[in-house]
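Residues per chain are reported as follows:
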Amino acid sequence: MLNIVLFGGPGAGKGTQALLLTEKFGLMHLSTGDMLRKEIASGSELGKIAGEIISNGELAPDELVIDMIREHIGQHPEAKGFIFDGFPRTQAQALALDKLLEEKDVQITAMVALDVSVDELTTRLLKRGEVSGRADDQSIDVIHNRIEVYHQKTEPIIDYYRAQEKYHPVDGLGSIEEIFNRLKQVILTLKPHAFQHSVQNYII
Ligand code: B4P
């Protein structure tokens with residue numbers, strides 16, 4: 001099973017690249033950002049809690065996102081692998097994900113991390129804010145807070161995957177196609193034996 005953590009700062013291009021990778025490798029795309037926005041749009045209780053947190057540029061509570069991921073993994077027993085987009089974002093989420101996968105007797109194959117400067121992240125999010133209507137993209141203060149939260153709570157989990165030799169940084173600057181090609185090359189050179197057999201089935 002190919003299980004990829006697609007990592008990067010807010011606006012690094014995780015969602016954009018996850019859609020392309022999902023199609024290329026036939027994986028199931030699980031985006032906690034999309035799940036939370038769906039809850040917000042539906043007006044559910046969970047959405048109300050998440051809406052306020054997200055619009056302030058903070059992270060939703062760990063238990064809430066872990067429960068959502070557990071539910072979505074459970075809904076797809078047929079999946080030949082997952083792309084985790086925007087999850088995990090804390091150490092607690094990283095540990096919980098390993099535990100969830102352990103129950104299925106599988107593990108994370110790699111963390112592929114989009115490397116993008118703070119200036120570029122800010123530019124992209126402000127630009128998206130002009131068209132997306134997303135509350136968390138509208139103000140420079142909220143964007144700065146999202147980047148600060150990323151540095152404090154999310155970036156440290158790189159060490160968790162680096163210690164397992166699963167961390168693969170990728171330059172996240174350039175055209176969407178250029179970045180997609182870089183990601184593809186990294187994924188195609190992953191070595192775990194469980195994946196090596198199936199990689200031959202992918203058309204490069
Ligand atoms: P997410 O939905 O995960 O999204 P994101 O970090 O804002 O952006 P992403 O990296 O996916 O960038 P995108 O491709 O859209 O999170 C939103 C919020 O939800 C979080 O702040 C948090 O509050 C909450 N949340 C989500 N997961 C959570 C978790 N696990 N725990 C707790 N809270 C959680 O690209 C951004 C923009 O750049 C787009 O406009 C795109 O068109 C553009 N772009 C992409 N690639 C580009 C390129 N190569 N060049 C130029 N522009 C590019």
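Before reading on, note that the structure itself is shown above.
Worth saying up front: this structure is predicted, and the values here are computed from it rather than measured.

Q: I tried to follow the side chain of Q93 on my own but got confused; where do I start?
A: Tracing the chain through its elements places Q93 in helix 5 (residues 91-103). Within the structure, Q93 has its side chain in polar contact with the side chain of D62 (distance 3.0 Å). Leave out the neighbours within four places in its chain, and Q93 touches D62, V65, I66, F87 and P88.

Q: Help me understand the pattern of salt bridges in this model?
A: Close approach of charged atoms lets side chains of opposite charge pair. Per the stated rule, a full pass over the model turns up 11 salt bridges. Among the salt bridges present, the one from R70 reaches D67, with a minimum N-O distance of 2.7 Å. Within this pair, R70 and its partner D67 are both found in helix 4 (residues 62-74), separated by 3 residues, close to a single helical turn. Judged by relative accessible area, which is 41%, D67 ranks as partly exposed. Between E120 and R124 there is a salt bridge, with the nearest N and O atoms lying 2.9 Å from each other. Here E120 and its partner R124 are both found in helix 6 (residues 118-132), 4 residues apart, which amounts to about one turn of the helix. By relative accessible area, E120 is classed as partly exposed at 27%.

Q: Explanation requested: the sheet that holds strand 4 (residues 110-115) in the structure shown.
A: Strand-to-strand pairing in sheets goes through backbone hydrogen bonds, with the strands running parallel or antiparallel. Taking strand neighbours across the sheet as the criterion, the 5 strands line up as 2-3-1-4-5 in an open arrangement whose pairing is parallel. Strands with a single pairing partner mark the edges of an open sheet, and in this sheet they are strand 2 (28-31) and strand 5 (167-171). The average angle at which neighbouring strand axes cross in this sheet is 20°, direction not considered. Sheet topology places strand 2 next to strand 3 (residues 81-85); 4 bridges connect them, and they run parallel. Along strand 3, the bridge assignment pairs H29 with I83. Packing of helix 9 (residues 176-188) onto the sheet brings it into contact with strand 1 (2-8), strand 4 and strand 5, and relative to strand 5 it is tilted by some 155°.

Q: Please explain the packing of helix 2 (residues 32-42) against helix 3 (residues 45-55) as it appears in this structure.
A: The description of two packed helices rests on the angle between their axes and on the distance between the axes. Two elements in contact, helix 2 and helix 3, have axes whose closest approach is 7 Å; the angle formed by their N-to-C orientations is 115°. Regarding helix 2 and helix 3, the two cross each other, and that crossing is left-handed. Contacts between helix 2 and helix 3 involve L36, E39 and I40 from the former and L46, G47, A50, G51 and I54 from the latter. Classifying every residue of the contact of helix 2 with helix 3 by side-chain character gives 5 nonpolar, 2 polar and 1 charged.

Here is what the cut-offs are and how they apply
- Residues numbered from 1 in each chain as written.
- Predicted model: local features only at pLDDT ≥ 70, side-chain atom pairs only at ≥ 80, totals over all residues.
- Heavy atoms only, no water.
- Helix = DSSP H or I, 4+ residues; strand = E, 2+ residues; numbered from the N terminus.
- Polar contact = N/O pair within 3.5 Å; in protein donor to acceptor, adjacent residues only side chain to side chain.
- Contact = heavy atoms within 4.5 Å.
- Salt bridge = Lys/Arg side-chain N within 4 Å of Asp/Glu carboxyl O.
- Buried < 20%, exposed > 50% of the residue type's maximum accessible area, 1.4 Å probe, protein only.
- Pairing = 2+ DSSP bridges.
- Axes fitted to C-alpha atoms, helices over the stretch in contact; angles between N-to-C directions.
- Left-handed = near helix turned anticlockwise from the far one by under 90°.
- Nonpolar A, V, L, I, M, F, W, Y, C, P; charged D, E, K, R; others polar.

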